[in-house]
Amino acid sequence: MDFLFGALRGEKGQPQTGPETIDKLVDRALHATLLEDRRAAIVTLKGLARDWTLAIINVLQNDRMDVEIIKAAIETLTTLFTRQPTADFYKPKDPSSPSSAAADPRDLGVMLTEIFLKDSSNVTILIEILEEVEFYVRYSTVQLLATLLENMGDRVKECIFQSPGGIARLMDLLDDRREIVRNEALLLLISLTANNAEIQKIVAFENAFERLLGLVLEEGASEGGIVVQDCLTLTLNLLRYNVSNQNLFRESSCIQKIPSLLLSHAALEDERGPIPVPLTHEANRWPEQKAINAIAILELVRILVGPNNPNTVVNQAIMNQSQILPALIELAVCERIPSRVKAQALYAVGDVMRGHQKNQDAFSKYVVAPSTSPSSTSPKFPRPALLIVTELALRSEEEFHARAAAAYCFQCLVYANPDTQIALAAMLTPPPNDNPNDPQSDQPQSPGSLMVTTLLNWEASKRDPYKDNQKAKELAVTVRLSEEDGDVSLLHKVMFVLLMATRENADLRILVGVMCLATVWLHSSVTSVKEFLSEGSNVQFLIEQIIQSSGVDPLVQGLAAFLLAICHEFNDDLEPAFTAVSSLQSLITSRIGADVFISRIERLKESKQFQKVSPYFIPSEREGKALPDVYFDAAFVDLLKSTADSLVRAAVSTRSKTTKRSAEASESMVESYKSLISTQDKEIQRLKKALAESEARWKDENDALRSKLAEATD
């Protein structure tokens, strides 16, 4: 510890200046041999820093009228609080999550920040200094707050939240006409509102949405620069997972402003100056920043109508009234739009119409005008938006994430929409050999025939859109395809495609896609299962896939077992090959084995391809042009998770299906007797009431007659 006294004295005991003392302490902290000496040096430096920080704070309190002193003091604090560069310092940072990487508590800047923030009034002083209109004072103060927020984000948010009028003063900076100050304030607010619902609410109630959307429109909406991106990012921060702010956004009539955000300005030959045009106009160009801004606008739409959002139905209705859906549809199907923007637009279209009858009907009826561009490869006649989206999902040359978005959009159209499901099932007509609707021709097509043709050509792994619609499934079962040996049902043709794909070692995604289609088609449909079992080779194929010890992917084996369990559960025992002794259950327990059968489905459920399924597909940069590791959709995963256990238990249970059905019949009989007794009891009560009313009416009439008789006698 003797070195500390030496650090404060020069040679021959002469007092040292402040810089000399600090230089010597830093040297000891870096190069002292003993750990105790290095620790003592750091503690001394921390004490000196605390004293000097307090001195600067006193300057901020007492000399606030002098702009030069305030500016110098704030810049000094910023220098003291700035963290030293590390290996992570140069990595790209997300401005919306400043505390994603925890600050090193041993860093001198972090230690000084901790000392400064122990007294929340210090932050209040900085907030009050923002009232000064001098440029450098405001700019430096905002930068200092940003530095503090980066070092100890949660503590700074707490101090600002407690500061009277603190957030209001920060919001006032958005009205500063000096762009540098305004832009720095935007970045500060983005960091401040990340993951803090209370601050988000206060910011929103400071007229944030009108201010931010006004700035976006003023800067040119999607054609604007980084300022538009920052404004949209802050808006998304305020709305994401915050129901009260979403209510305020809607009540402030901000949803009605979204169509204006989906416009750009272009200089046309027959116009004197730039005029508003849709983003799909051929005069538009798509630099990187414009694509980023457009994606942020589309994400704003999706936040308001997310599947699990309690405000979705109300917001969907307002978007229907505001004519937002047509603009989104045009953006989703335009071939000039960048692929990632198109994918986000398809997701937005899907979310806007999911479960909303009017929006689903509007999409089903929407017709896209042909492109007038000479370079366009699309047909030169109007086409339904539904057909374009179906074609995009099945046959497009687009990147995979755009095709996945188109599939999601299609699923949202048929979600809770039985009429459209039946209409699509009615379109599943087989195309003739000389089909005039061939994709190479310019004749119109139907979505149903397009799905059938694509499926039979192995290019689709699209899940059956008729989930939970028995009428649509039965209608699909009646579809017959003409073959040389006679007509064959579409269901048997699908299984033949699966058999051929398996023999030719087709891509695993094709096998999984076709099996998912068959699984959803057969589930809960006795008619479909009966048709499936009428061809004995179908069951034989499934058993062969399950019992193989090698050479068959576990995903295929698990799906085959699940499909067989569905056949067992929904078999009406009317197919002679699978009744009595030759039941499906005996095949499962004898040829496959209960343990093997169960293990196949369990392995499927534990596979990484099954576990990481998400309703939305987000491509990663490393995937490039290669197909991503996506095999299932979220709807199928939900179906398997919710039904597999009960189906498997029924398939391997020692309790026979006859016994099970007898028990079910007994339960049904008991319920029918209960219903009959209840009905008879209600009838008895009704008759008793009618009798009482009749007796009362008879008594009244009898009394009236007696009175008249008495009067006549008198």
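Residues numbered from 1 in each chain as written. Predicted model: local features only at pLDDT ≥ 70, side-chain atom pairs only at ≥ 80, totals over all residues. Heavy atoms only, no water.

S.K.: Please clarify how the overall build of the protein should be interpreted in this entry.
M.R.: If you tally the helices and strands in the protein, you get 35 helices and 6 strands. Residue burial in the protein is summarised as follows: out of 714 residues, 45% are buried. Sequence-distant contacts in the protein: of pairs separated by 6 or more residues, those separated by 24 or more amount to 69%. When the accessible area of the protein is evaluated, it comes to approximately 36,400 Å², of which 53% is carbon and sulfur surface. (Helix = DSSP H or I, 4+ residues; strand = E, 2+ residues; numbered from the N terminus. Buried < 20%, exposed > 50% of the residue type's maximum accessible area, 1.4 Å probe, protein only. Contact = heavy atoms within 4.5 Å. Areas by Shrake-Rupley, 256 points an atom, 1.4 Å probe, with all protein chains shown as cover.)

S.K.: I would appreciate a short explanation of helix α4 (residues 67-81) in the present structure.
M.R.: In an α-helix, one full turn covers 3.6 residues, which means residues spaced three or four apart are oriented alike. Compared with the 21 Å implied by 1.5 Å per residue over 15 residues, the 21 Å span of α4 between its first and last C-alpha is a close match. The set of residues buried in α4 consists of I70, K71, A73, I74, L77, T78 and F81. Seen along its axis, α4 keeps its buried residues to an arc of 165°; they face one direction. α4 presents E68 and T79 as exposed residues on the side facing more than 90 degrees away from its buried surface. (Expected span 1.5 Å × (residues − 1). Arc of directions from axis to C-beta.)

S.K.: Please clarify how unusual backbone geometry should be interpreted in this entry.
M.R.: Residues other than glycine predominantly adopt negative phi, and peptide bonds predominantly adopt the trans conformation. One non-glycine residue, N207, lies in positive phi territory at about 60°. The exposure class assigned to N207 is partly exposed, which follows from its relative accessible area of 39%. Of note in the backbone geometry, A221 takes a positive phi value of approximately 55° without being a glycine. If you trace the backbone, A221 turns up in the loop between α12 (208-218) and α13 (226-239).

S.K.: When you look at the side chain of R600 in this model, what are you seeing that I'm missing?
M.R.: In this fold, R600 is placed in helix α32 (residues 594-606). Among residues more than four places away in sequence, those in contact with R600 are I546, I547, Q548, Q557, G558 and A561.

S.K.: Explain helix α16 (residues 288-304) here, please?
M.R.: The first and last C-alpha atoms of α16 sit 25 Å apart over 17 residues, in line with the 24 Å expected at 1.5 Å per residue. Extensive coverage of α16 is indicated by the burial of 13 of its 17 residues.

S.K.: Would you mind showing me how to read the side chain of T141 here?
M.R.: Tracing the backbone through its elements, the reader meets T141 in helix α7 (residues 135-151). The residues contacting T141, other than those within four sequence positions of it, are I74, L126, I129 and L130.

S.K.: Help me understand the nonpolar core, please; the structure alone is not making it clear to me.
M.R.: Grouped burial of nonpolar side chains is what soluble globular proteins tend to show. L170, F363, F532, L564, F597 and F632 are the most contacted members of the largest nonpolar core, which has 187 residues in total. Top contributing element to this core by residue count: helix α27 (residues 508-522), with 12 residues. Ignoring sequence-local partners within four residues, the contact set of F532 consists of L491, H492, M495, L522, N538, V539, L542, L563 and C567. (Core = buried A, V, L, I, M, F, W, Y, C linked by side-chain atoms within 4.5 Å.)

S.K.: Got a minute to help me understand a nonpolar patch on the surface in this structure?
M.R.: Together, Y673, L676 and I677 give the surface a local cluster of nonpolar side chains, amounting to about 330 Å² of exposed area. Along the chain, the position of Y673 falls in helix α35 (residues 657-713). (Patch = residues over 30% accessible without salt bridge, like charges linked within 9 Å, V, L, I, M, F, W, Y side chains within 5 Å. Salt bridge = Lys/Arg side-chain N within 4 Å of Asp/Glu carboxyl O.)

S.K.: I keep staring at the pattern of salt bridges and nothing clicks. Help me out?
M.R.: Opposite charge on two side chains makes pairing possible when the charged atoms of those side chains draw close. Evaluated as defined, the whole model comprises 21 salt bridges. Among the ionic pairs, E299 bridges to R240, the shortest N-O distance being 2.6 Å. With a gap of 59 residues between them, E299 in helix α16 and R240 in the loop between α13 and α14 (243-251) connect regions that are remote in the sequence. Using a relative accessible area of 28% as the deciding quantity, one classes R240 as partly exposed. It is possible to trace a salt-bridge network through shared partners that takes in R138, D176 and R178.

S.K.: I'm lost on the packing of aromatic side chains in this one. Help?
M.R.: Think of a pair of aromatic rings as described by two things: how far the centres are apart, and how the planes are tilted against each other in angle. Applying the stated criterion to the full structure yields 8 aromatic pairs. Considering the side-chain rings of F135 and Y136, the 5.0 Å spacing of their centres and the 75° angle between planes classify their relative orientation as edge-to-face. On the basis of relative accessible area, F135 is assigned to the partly exposed category, the value being 23%. Cluster of aromatic residues (ring-pair linked, three or more members): F562, F610, F632 and F636. One cation-aromatic arrangement involves K71 over Y136; the distance from NZ or CZ to the ring centre is 5.0 Å. One residue, K290, lies across the ring of W286, its end atom 4.9 Å from the ring centre. (Phe/Tyr/Trp six-rings, centres within 6.5 Å; stacked < 30°, edge-to-face > 60°. Lys NZ or Arg CZ within 6 Å of the ring centre and 35° of its normal.)

S.K.: What is the right way to read the pairing of strand β5 (residues 480-483) from this model?
M.R.: One ladder, built from 4 bridges, connects β5 with strand β6 (residues 486-489); its direction is antiparallel. Among the inter-strand pairings, S482 is bridged to a residue of β6, identified as D487. Counted along the chain from β5 to the antiparallel partner β6, the turn is 2 residues long. (Pairing = 2+ DSSP bridges.)

S.K.: Explain the packing of helix α30 (residues 554-569) against α32 here, please?
M.R.: When two helices pack together, their arrangement is captured by the angle between the axes and the distance separating the axes. At a minimum axis separation of 8 Å, α30 and α32 run at an interaxial angle of 120°. Here α30 is positioned oblique relative to α32, judged by the angle of their axes. Relative to α32, α30 is oriented so that their crossing is left-handed. Here P554, L555, Q557, G558, L559, A561, F562, L564 and A565 of α30 lie close against α32, whose contacting residues are F597, R600, I601, R603 and L604. (Axes fitted to C-alpha atoms, helices over the stretch in contact; angles between N-to-C directions. Parallel < 35°, antiparallel > 145°, perpendicular 65-115°, else oblique. Left-handed = near helix turned anticlockwise from the far one by under 90°.)

S.K.: Even after reading the chapter, I still don't get the packing of α30 against helix α34 (residues 634-652), so can you show me in this structure?
M.R.: Direction vectors running N to C along α30 and α34 enclose 60°, while the axes themselves pass 9 Å from each other. Between α30 and α34, the crossing angle belongs to the class labelled oblique. Regarding α30 and α34, the two cross each other, and that crossing is left-handed. Judged by residue contacts, L559, F562, A565, I566, H568 and E569 of α30 engage F636, L640, T643, A644, L647, A650 and A651 from α34. Among the residues forming the contact of α30 with α34, the class breakdown is 10 nonpolar, 2 polar and 1 charged. (Nonpolar A, V, L, I, M, F, W, Y, C, P; charged D, E, K, R; others polar.)

S.K.: What am I meant to see in the environment of I125 here?
M.R.: Along the chain, I125 turns up in helix α6 (residues 121-129). A residue is classified by how much of its surface remains accessible, and I125, at 6% relative accessible area, is buried. For I125 and Q61, which are 64 residues apart along the polypeptide, the C-alpha to C-alpha distance reads 7.3 Å. Setting aside residues no more than four positions away along its own chain, I125 makes contact with I57, L60, Q61 and R64.

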